[in-house]
Amino acid sequence: MAQGSDADILLIERIGKVALLRLNRPEAMNALSMPLREALRIALIALDDDEAIAAIVITGNDKVFAAGADVRALQDWSEEDARTNTELRGAWNQIGAMHKPVIAAVAGMAFGAGCELAMMCDFALAADNAQFGQPEIRLGLIPGSGGTQRLVRAVGKSKAMEMVLTGRNIDAHEAERAGLVARVLPLAELIPEALKTAERIAGYSAPIVELARAAVNAAHETFLEDGLKHEARLFEATFTTEDRREGIAAFLDKRKPVFKNR
């Protein structure tokens, strides 16, 4: 089953009371284009209303969860585009509004928006080949879909600051030690274990699961909304800079950027 404006960019499989959502843009390393984000948002709304589904798993393929935003689409954005393009955060907002648990099953690269998507889920399981990072600084950007706010809450200020300011990626085991993922599994076991975990949760009382999630989120996300609004304003401001345009152009040209500090 496919959902979205582009055929097959999001594959949906129902396995008992669990829905497995597979990001499916392998030719673009599962870059989170606006159509894919919108497909994800629409699918999550439908699944949250579906009484036959009790838990959701989001994954990619064996080599990449999602390698980031669709950078080419951002190349010509203005500050106003960044401010008014609601699809940028629509899927993330929908995950936050879900009544049902959402698990990220991450193999391969989870960079930029991919890392942000994994953090937005209730928790993440990682294959032993997984890598996580917020490399936006290399493009003259900052994380714009919750990365600065959720990363601090997940791994603490020091590691989050290092990752955001250097663009350094971390492997699955470092991510587990830092608290970014719940468990690391051999690649072949990732999806079976993610489904098994989702099925276990789906076997409990749905109202109690929802209350348990709300209680944990209350501890984790107090004042998060204010931080997200502040991050959004700062992200929008990057689109007023020449360095943002140069960073993206260099990325697309596969060369080292020449920043002019303006």
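Just so you know, these numbers come straight off a predicted model, no measurement behind them.

**Description of the overall build of the chain**
Broken down by element type, the chain carries 12 helices and 10 strands. Against the globule reference of 18 Å for 262 residues, the chain gives a C-alpha radius of gyration of 18 Å, in line with a compact fold. C-alpha extents for the chain along the principal axes are approximately 55 × 40 × 35 Å. A total of 262 residues make up the chain; the buried ones form 51% of that total. For the chain, long-range pairs separated by at least 24 residues make up 72% of all intrachain contacts whose partners lie at least 6 apart in sequence. For the chain, the accessible area works out to roughly 12,300 Å², and carbon and sulfur atoms hold 55% of it. The average position of the 31 basic charges and that of the 37 acidic charges among the side chains of the chain differ by 4 Å.

**Here we look at a nonpolar patch on the surface**
On the surface, a cluster of nonpolar side chains totalling about 260 Å² of accessible area is made up of I137, M161 and L165. Mapped onto the secondary structure, I137 falls in the loop between β8 (131-133) and α6 (147-155). A relative accessible area of 33% places I137 in the partly exposed class.

**Overview of the side chain of D48**
Looking at the secondary structure, you find D48 in helix α1 (residues 34-48). Although D48 is buried, it makes no salt bridge; K100 carries the closest opposite charge, 5.0 Å away. Sequence-distant contacts of D48, that is, excluding residues within four places in its chain, are made with A97, M98, H99 and K100.

Cut-off values and rules
Residues numbered from 1 in each chain as written. Predicted model: local features only at pLDDT ≥ 70, side-chain atom pairs only at ≥ 80, totals over all residues. Heavy atoms only, no water. Helix = DSSP H or I, 4+ residues; strand = E, 2+ residues; numbered from the N terminus. Rg over C-alpha atoms; globule rule 2.2 N^0.38 Å. Buried < 20%, exposed > 50% of the residue type's maximum accessible area, 1.4 Å probe, protein only. Contact = heavy atoms within 4.5 Å. Areas by Shrake-Rupley, 256 points an atom, 1.4 Å probe, with all protein chains shown as cover. Lys, Arg positive; Asp, Glu negative; His and termini not counted. Charge placed at Lys NZ, Arg CZ, Asp CG, Glu CD. Patch = residues over 30% accessible without salt bridge, like charges linked within 9 Å, V, L, I, M, F, W, Y side chains within 5 Å. Salt bridge = Lys/Arg side-chain N within 4 Å of Asp/Glu carboxyl O.

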